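Take a look at the letters that make up each chain.
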Amino acid sequence: MQRIASPLIPECSFSRIAFGLWRLTDWNYSPRERANLFEQMLDLGVTTFDLADIYGDYRCEQFFGEGLKLQPELRARMEIVSKCSIRLAGAASGARINHYDTDAAHVRKSVETSLRDMGIEQMDLLLLHRPDPLMDADALAAVLEQLVAEGKVKHLGVSNFLPHQTDLLQSRLSLPLVANQIEVSLLHSQPMFDGQLDHCQQHRVIPMAWSPFAGGRLFAGDDADSVRVRKCLQQLCEARGLNADDGVMQLALAWLLRHPSHMVPVLGSGNPARLVAALAALEMELDREEWFELLRAGRGRDVD
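What counts and how
Residues numbered from 1 in each chain as written. Predicted model: local features only at pLDDT ≥ 70, side-chain atom pairs only at ≥ 80, totals over all residues. Heavy atoms only, no water. Pairing = 2+ DSSP bridges. Helix = DSSP H or I, 4+ residues; strand = E, 2+ residues; numbered from the N terminus. Axes fitted to C-alpha atoms, helices over the stretch in contact; angles between N-to-C directions. Contact = heavy atoms within 4.5 Å. Phe/Tyr/Trp six-rings, centres within 6.5 Å; stacked < 30°, edge-to-face > 60°. Buried < 20%, exposed > 50% of the residue type's maximum accessible area, 1.4 Å probe, protein only. Core = buried A, V, L, I, M, F, W, Y, C linked by side-chain atoms within 4.5 Å.

Peer 1: Is there a simple way to think about the sheet that holds strand β9 (residues 153-159) in this case?
Peer 2: Within a sheet, adjacent strands bond to each other through the backbone by hydrogen bonds, running parallel or antiparallel. One closed barrel holds the 8 strands; their spatial order is β3-β4-β5-β8-β9-β10-β11-β12, and the pairing between them is parallel. Looking at each pair of strands side by side, their axes are set apart by 30° on average, direction ignored. Sitting on the sheet, helix α5 (residues 137-149) is in contact with β8 (123-128) and β9, with an inclination near 145° to β9.

Structural data, given as structure tokens:
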């Protein structure tokens, strides 16, 4: 499996494709089946596991921990990514309404709860899940650096932050923000034009691409954009002699992987066969015209 190392901290690296666990509680796997799935992904070279405190109504990290507890030796082979800063209304969070919270006390509590739920001592990467308009950059930076100094967090990053929001937080930190997890897909190519991926390249931040298949719209969406992109992907599959079912997925991933920002797509399927098929995208190369052909399909218009 290819890997991406942070130019900012070379010892910080991720598998070229990450395993997203936001639906782990929906897959109806027993703890043993979860452990087996984790091991299978690791054996394939998919070592980066992506979670968040809120996933599965605050239960996903517990489910992950239950599986990992059965094979604790797997931990040494993983990069565990988690997120905090969103509070969903309900008993699990004690919040009355959905909101963002980057107060130092909440961030500390979230990290310590995540570590306890997962049964680990340190997460490899902590991401601030969403930008908070009430973020006190000085106070937030202070608690983030404390968590790193205490060994509870190894590296820091953000998620869904725009360039100016990333710059604000980075200006208060002595440690680098190594990643920004943002939405990118053939049906959401705006980050390639609005400065998000340019900012990542400029500051050598690794982009992690969530929803790389546009929430499944690439495969089953019946809106005009989805149909147009899927048709283009199917035509490329035919030209390359690929099975259409797997080929559409593989080419959509290859399109992301071709981008020079070296983004890490986050795949969230609980079907091991689907994940194995997806990894074939790592061996595919789109030429420049094929890449722009797919971009044209995604945007619904030719280049200016």
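Peer 1: What exactly am I supposed to notice about the packing of aromatic side chains here?
Peer 2: The description of two aromatic rings rests on the distance between their centres and on the angle between their planes. This structure, assessed with the given rule, holds 9 aromatic pairs. With centroids separated by 4.9 Å and ring planes inclined at 10°, the aromatic side chains of W255 and W291 adopt a geometry described as stacked. Residue W255 is found in helix α10 (residues 244-257), and its partner W291 is found in helix α12 (residues 288-299); the two are separated by 36 residues along the sequence. The same class applies to W255 as to W291, namely buried. The interplanar angle of 75° and the centroid separation of 5.1 Å between the aromatic rings of W291 and F292 together place this pair among those described as edge-to-face.

Peer 1: Quick question: what am I supposed to make of the nonpolar core here?
Peer 2: Within soluble globular proteins, side chains that are nonpolar generally end up buried alongside one another. With 85 residues, the main nonpolar core has L21, F64 and L169 as its most contacted residues. Here the element with the most residues in this core is α10; it accounts for 9 residues. Apart from residues no more than four positions distant in its own chain, F64 is found in contact with L21, L24, F38, F49, L51, M78, I80 and M118. Listed in part, the 14 residues of the second largest apolar core include I9, I206, M208 and V266.

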